[in-house]
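Observations on the three-dimensional arrangement
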Amino acid sequence: MKVLVPVKRVIDYNVKVRVKADGSGVDLANVKMSMNPFDEIAVEEAIRLKEAGKVEEIVLVSIGVKQAQETIRTGLAMGADRGILVVAAEDVQQDIEPLAVAKILAKVVEEEQPGLVIMGKQAIDNDMNATGQMLAALMGWAQATFASKLDVDGDSATVTREVDGGLQTIRVNLPAVVTADLRLNEPRYASLPNIMKAKKKPIDEKTPADYGVDVSPRLEVVKTTEPPVRKAGEIVGSVDELVTKLKDAGVI
Amino acid sequence: MDFEITHEQRMLVETVRGFIKDELAPLEQEIEETGQLPDEIARSIFEKSRALGLYGMNIPEEFGGGGLSALETMMVEEQFGHTTDILIRRAFGNVYEVLLSCEGPQVERWLLPSVRGDRVCSIAFTEPGAGSDAAGIRTRAERKGDKWVLNGMKHYISDGAFADFFVVTAVTDPAKGHRGISMFLLDKGTPGFNIGRDQPMMGLRGTSHLDLHFDDVELTDENLLGTEGEGLKLALSVLGRVRLAQVAARSIGKATKVLQMTLDYARERVQFGQPIGEFQMVQQMLADSAMEISAARSALWQCAWEIDAGLDPRARISVLKVQGSETLGRVVDRAVQIFGGMGYSKDLPIERYYRDARIYRIFDGASEIHRGVIAKSLLKGGAQLFDPWGA
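The numbers attached to residues start from 1 for each chain and follow its sequence in the written order. The naming scheme follows written order: chains are lettered A onward, ligands numbered 1 onward. Predicted model: local features are reported for residues with pLDDT of at least 70 only, side-chain atom pairs are reported and counted for 80 or more only, and whole-chain, interface and lining totals are derived from all residues. Values reported for side chains reflect all heavy atoms of the structure, with hydrogen atoms and water molecules removed beforehand.

1. Regarding the UniProt feature "domain: Acyl-CoA dehydrogenase/oxidase C-terminal" (unreviewed entry) in chain B
The UniProt feature table records "domain: Acyl-CoA dehydrogenase/oxidase C-terminal" (unreviewed entry) at residues 229-379 of chain B. Helix and strand definitions follow DSSP, with helices as H or I runs of at least four residues and strands as E runs of at least two, each counted in order from the N terminus. For residues 229-379 of chain B, helix accounts for 79% and strand for 3%, while the C-alpha atoms at its two ends are 29 Å apart. UniProt positions are given in the numbering used here, feature names are shortened, and annotations may be inferred rather than shown by experiment.

Shown next, in the form of C-alpha cells:
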C-alpha cells in the first residue's frame, strides 16, 4: 500500500509570533519556518506503518512557496520515500486556503492512488482544521479525524479518535483520510545517515495549473491583532483573602 | 562569500539539539550531585545516539564515522557545548582524529572499535612537570630488542576510569628534545600499567581525571602510533582541529546557552517595578555578551572553512582557542552577575556553567601559551591573521 502525507511549511512553534504593523497578518519574513507539528506526527505514523510492513511507499506532498521543498526534505530525512512540491505561491506571506489545498490533494490522490492519506488535523498557523475533511468529501472517502491510535488491517483501519469527553473508536474502509492528533505518536529525529540520504530522494515539482486548480483566495483577512496581554497575578495570604478578592472582583 | 546554512546542516543541528534537550539535559543535575553517570545510563544514551548516527561524526565515512566537514563538525560541537563534558563523551564520543594515523593491524585493533564505540580512547600527554610544555615530559619508552619498555607517569587524564586504551606520549630519544618524543597506543590491563587516583576537580563533574603509572610496561612496534620521534609533530598536526572543536566551538555553544538563559531571566525578573532587562547596566552586559559570541562564531566558521579548504590555520586556531574560551568566561561571569543570588545558588545551573567554564582557558594550552603562538606568528609576518589584504 502507498501512503500519501501532505505536509505544510508553517512558522516554527517556538517562534514568538509578531503581527505586522499594518495588521494584514503575521510577519513571516526572516522567521524560522518548520514542518507543521501535526504533519510531523502524520509522517511518523506513516513511517511506523512502513516499518511494520503494512506500507510500501510514503509520498509527501507540500503546497505553498518554493521553500516548502525544505519541509519535504525534512520528511524525507525522517524516512519518507519521495516528494511532490506544488509551487502555488511566490510570496511567503500568502497562505493557500484549505479548499484549494484539498482540491489539489484530490488530484494528487487520483494520480498516486494511495490506500491511505494521513495528515495533521490542522496547521498551527491558521488552525483551520478543514483540509482533511474537505479532501475526504471531495474523494467520497471515509474520514477518521483527531486520531490518537491507528491500526491498519487489510482493507480497513481501526482508529481511536480524541473527541469531547473521551475516546471514540471507529472502523473505516480504505482508502480513507486519517488526521493526526497530538497523542498519536512522538516523531523521531532525522538520523545523520538519513539526512544525507534525503538529499538524493526525488521531489517532483508541479504547479496548481498542472492540476487545473485555482488557488486565488476566497477569504479576506480584515484584521490581525495580538492577543490581549495577560495581567499580572497577585499572591494572596489565605483562603479568606482569596474569597474576599474574588467577591470584590465580582466573579463569585 | 556565502554564510547560508544549508538545510542539511539545519536538520543535523536540530537532531543534535533535540537529542541533547530530551536525552542528556535531564541527566545533568543528578550527575552534578552524585559525580557519577551510572554505566547502564551511559550505555543507553550511547546506543540511542549511535542509532541516530551521532557517534563519531567527525571521523570520515570510510572508517565508519559521520564524515562531517570541519565546518559541520564545529556546528555540532557548538551544540555539544550546551551539555556537560561527561555526557558529550558518552553520547557522541571523543574519537580523536590522531587515531586516523593508525596503520595495518592498528586500524582493526584501535581505530575502528573507537569509531563504533566498542572501545573508548583517552589522550594521555599531561604530566606533573609537563602541562603546556608538552616537550617537557619525562615518561620514557626505551627500545629493548624488539620491544619498547615504558616507565613514568601521567596525570589529570580525562576519562581515565572509563577509557579502554590511551594515546601516551613518551621520550624515545632524550638527546633529540622535542624530536625525540613518540606516541604509543596503550591498552588498559597491560602488565605494569596501573591506574592511580581520581583527582577531584572544580567542575566537569562525572568525568574522571586520573593518574596513570607505567612500571616496565612492555610494548611492541604495533603500539607505536605514527613514526618514531614524530609524536609531537603528529600531535600538532591533528590536535588543532580537536582544539577548535572541543574548546573553541564548545565554548561558544556554552556561552550561547548561558546567554539564552540570561535573557529569559532578564525578561522575567522584576525589581523596582520593571524587568531587570530594562536597566541600562544590565542591557550593556547583554549586548556585550551577544557581540562577543557573534564575533567568535564568525571567526570559528572562518577557521573551519580554512581547514576544509585544505589550509593549515594553526595560528588562527590559537586565536579561536583564546577568543572562544575567554568569551565564555566573560559571558558566564556576567550571567552570574545578572542572576545575582540565584546565579550563585546551586538551585540553578548557572554556577555549574561558571565552574565548568574556567577550565576552558586552561586546558589544551593556556590562553598565555596561545597568545604566544599568535604573537610569534604575527612577528614572523603572519599578517593574514588580522589583515586578509596582505601587508
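Having seen the structure, we can now continue with the description.
2. Remarks on the environment of V247(B)
All names here are of chain B. Relative to the elements of secondary structure, V247 occurs in helix α6 (residues 231-268). Here V247 falls in the buried class, since its relative accessible area comes to 2%. Residues V247 and F92, 155 residues apart in the sequence, show an inter-C-alpha distance of 15 Å. Excluding anything up to four places from it in sequence, V247 contacts V242, K321, S325, Y360, F363 and D364. Only protein chains enter the calculation, and the probe is 1.4 Å; a residue is then buried if its accessible area is under 20% of its type maximum, exposed if over 50%, and partly exposed in between. Residue contacts are defined here by distance: any two heavy atoms, one from each residue, within 4.5 Å place the two residues in contact.

3. What to know about the interface of chain B and chain A
At the junction of the two partners, chain B supplies 15 residues and chain A supplies 13 residues. Taking both partners together, chain B and chain A bury about 1300 Å²; carbon and sulfur atoms supply 68% of that area. A simple way to read buried area is as the amount of 1.4 Å-probe accessible surface that goes missing from two parts once joined, with both sides added. It is H7(B), E8(B) and M11(B) in chain B that bury the most area against chain A; as a group they hold 42% of the surface buried on that side. Any carboxyl oxygen of Asp or Glu within 4 Å of a side-chain nitrogen of Lys or Arg constitutes a salt bridge here. Here chain B and chain A share 1 salt bridge between them. Residues E14(B) and K32(A) are paired through a salt bridge, measuring 3.2 Å at the closest nitrogen-oxygen approach. What qualifies as a polar contact is a pair of N or O atoms within 3.5 Å, subject to a donor-acceptor requirement within protein and to the restriction that residues adjacent in sequence count only when both atoms come from side chains. Run the count over chain B and chain A and you get 7 residue pairs in polar contact (both at pLDDT 80 or more). Of the residues belonging to the side of chain B that touches chain A, the class tally is 7 nonpolar, 5 polar and 3 charged. Residues were grouped as follows: Ala, Val, Leu, Ile, Met, Phe, Trp, Tyr, Cys and Pro as nonpolar; Asp, Glu, Lys and Arg as charged; and all remaining residues, including Gly, as polar.

4. Focus: the UniProt feature "domain: Acyl-CoA oxidase/dehydrogenase middle" (unreviewed entry) in chain B
The UniProt record marks residues 123-217 of chain B with the feature "domain: Acyl-CoA oxidase/dehydrogenase middle" (unreviewed entry), using the residue numbering of this structure. For residues 123-217 of chain B, the helix share is 0%, the strand share is 51%, and the end-to-end C-alpha distance is 18 Å.

5. Digging into the domain arrangement of chain B
Residue and element names in this part refer to chain B. For each domain, the first and last residues come from an automatic or database assignment. Partitioning chain B into domains gives domain 1 (7-103), domain 2 (121-225) and domain 3 (233-386). The distance between the C-alpha centroids of domain 1 and domain 2 comes to 25 Å. Facing 16 residues of domain 1, the contacting portion of domain 2 comprises 15 residues. Approximately 1300 Å² of surface area, both sides summed, lies buried where domain 1 meets domain 2, with 63% of it carried by carbon and sulfur atoms. Across the pair D159 and R90 runs a salt bridge whose closest N-O atoms are separated by 2.4 Å.

6. Structural notes on the sheet that holds strand β11 (residues 203-206) of chain A
Sheets are built from strands that pair by backbone hydrogen bonding, the pairs being arranged parallel or antiparallel. All names here are of chain A. Strand order in the open sheet formed by 9 strands is β9-β8-β7-β10-β6-β1-β4-β5-β11, with mixed pairing between adjacent strands. The open sheet terminates on both sides in strands that have one partner only, identified here as β9 (166-173) and β11. Averaged over all neighbouring strand pairs, the angle between strand axes comes to 30°, with direction disregarded. Only when DSSP finds a minimum of two bridges between them are two strands counted as paired. Relative to strand β8 (residues 156-163), strand β7 (residues 142-153) runs antiparallel, the two sharing 6 bridges. For D151, the partnering residue across the bridge sits in β8 and is T158. Helix axes are fitted to C-alpha atoms over the stretch in contact, other axes to C-alpha atoms as well, and angles between N-to-C directions run from 0 to 180 degrees.

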